[in-house]
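Here is how the chains run, residue by residue.
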Amino acid sequence: MAPQTITLRPHHPGDIGWIIHRQAAVYAEEYGYNNDFEALVAQVATHFLVHYNPARDRCWIAEADDQPVGHVFLVQHPDQPTTAKLRLLLVESSARGTGLGSMLVNECVQFAREAGYLKITLWTQSDLHAARKIYQKAGFHLVHEERHESFGKQLIGQTWDLYLDPPPPGEPSHLSVRE
Ligand SMILES: CC(C)(COP(=O)(O)OP(=O)(O)OC[C@H]1O[C@@H](n2cnc3c(N)ncnc32)[C@H](O)[C@@H]1OP(=O)(O)O)[C@@H](O)C(=O)NCCC(=O)NCCS
């Protein structure tokens, strides 16, 4: 099959509802997660829409042939203004294995640097093996693990962090995140 041409764009009206749908459907099919997961995704996605600030938050939609095939979010941590959270990474199975997941994570890291964040943190589950590989490749380190029962499953949650270099002296951060 010829390689697909992928383009990335910001979210438009209708995309966030689609993201909730795809997250719930893919995790149900591939990992057996129940509706509690859809509820969590809907909360995260709604918070993004309601509190969206383009200087510190971003959603990327990946498209192939004008069809959405992936997405990811980078948002400001609610309690730690210089920390960003990477959330809701997903690539449709038709577009996997060609580097799109890594591309989306790299976009997050680049935006976080430009925005002036000092750290990116993310929460994932131990059985999401492909995601783990992507985070390791991007330089994230596993900092915490905990067993929990969520989404109808016994899971091991993991927190991964990536520390970003502060901008050189004299180069202002354009972000409101530095206080
Ligand atoms: C995780 C996910 C985004 C990866 O998307 P992708 O476009 O296939 O990612 P990439 O092609 O950039 O890289 C995947 C890497 O994982 C590896 N990989 C794939 N499946 C794997 C598995 N089961 N175990 C270990 N590694 C695996 C690939 O070989 C590749 O590594 P490489 O670059 O060294 O060859 C996609 O599989 C997905 O959406 N999964 C379901 C949702 C999910 O897990 N999201 C993460 C939430 S924390």
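The structure under discussion appears in the preceding block.
So, here's what we can say about the structure. (Residues numbered from 1 in each chain as written. Predicted model: local features only at pLDDT ≥ 70, side-chain atom pairs only at ≥ 80, totals over all residues.)

**Comments concerning the site of the ligand**
As a structural note, the neighbourhood of the ligand is formed by 18 residues, with R96, G101, S102, H129 and A130 the closest of them. At the level of secondary structure, the elements contributing two or more residues to the shell around the ligand comprise β4 (83-91), α3 (100-115) and α4 (129-137). For the shell around the ligand, the element with the highest residue contribution is α4, accounting for five residues. For the shell around the ligand, the class distribution of residues is nine nonpolar, seven polar and two charged. (Near = placed C-beta within 6 Å. Helix = DSSP H or I, 4+ residues; strand = E, 2+ residues; numbered from the N terminus. Nonpolar A, V, L, I, M, F, W, Y, C, P; charged D, E, K, R; others polar.)

**Structural notes on the sheet that holds strand β3 (residues 67-76)**
Two strands in a sheet stick together by hydrogen bonds in their backbones, pointing the same way (parallel) or opposite ways (antiparallel). If you trace the seven strands from one edge of the open sheet to the other, you get β1-β2-β3-β4-β5-β7-β6, paired in mixed fashion. Each end of this open sheet is capped by a strand with a single partner; those strands are β1 (6-9) and β6 (141-150). Neighbour to neighbour, the strand axes of the sheet diverge by 25° on average, direction disregarded. Sheet analysis places β1 next to strand β2 (residues 58-64), joined by four bridges and oriented antiparallel. The partner of L8 across the bridge, within β2, is A62. Seen against the sheet, helix α2 (residues 35-51) touches β2, β3, β4 and β6 and runs at an angle of roughly 125° to β4. (Pairing = 2+ DSSP bridges. Axes fitted to C-alpha atoms, helices over the stretch in contact; angles between N-to-C directions. Contact = placed C-beta atoms within 7 Å.)

**Let's talk about α2**
Compared with the 24 Å implied by 1.5 Å per residue over 17 residues, the 24 Å span of α2 between its first and last C-alpha is a close match. Within α2, burial applies to V41, A45 and F48. Within α2, the buried residues cover an arc of 50° as seen down the axis, which keeps them to one side. Facing away from the buried surface of α2 by more than 90 degrees, the exposed residues are N35, D36, Q43, T46, V50 and H51. As for α2, its buried residues are in contact with α1 (15-31), β2, β3 and β4. (Expected span 1.5 Å × (residues − 1). Buried ≥ 20, exposed ≤ 12 C-beta atoms within 10 Å, placed from the backbone. Arc of directions from axis to C-beta.)

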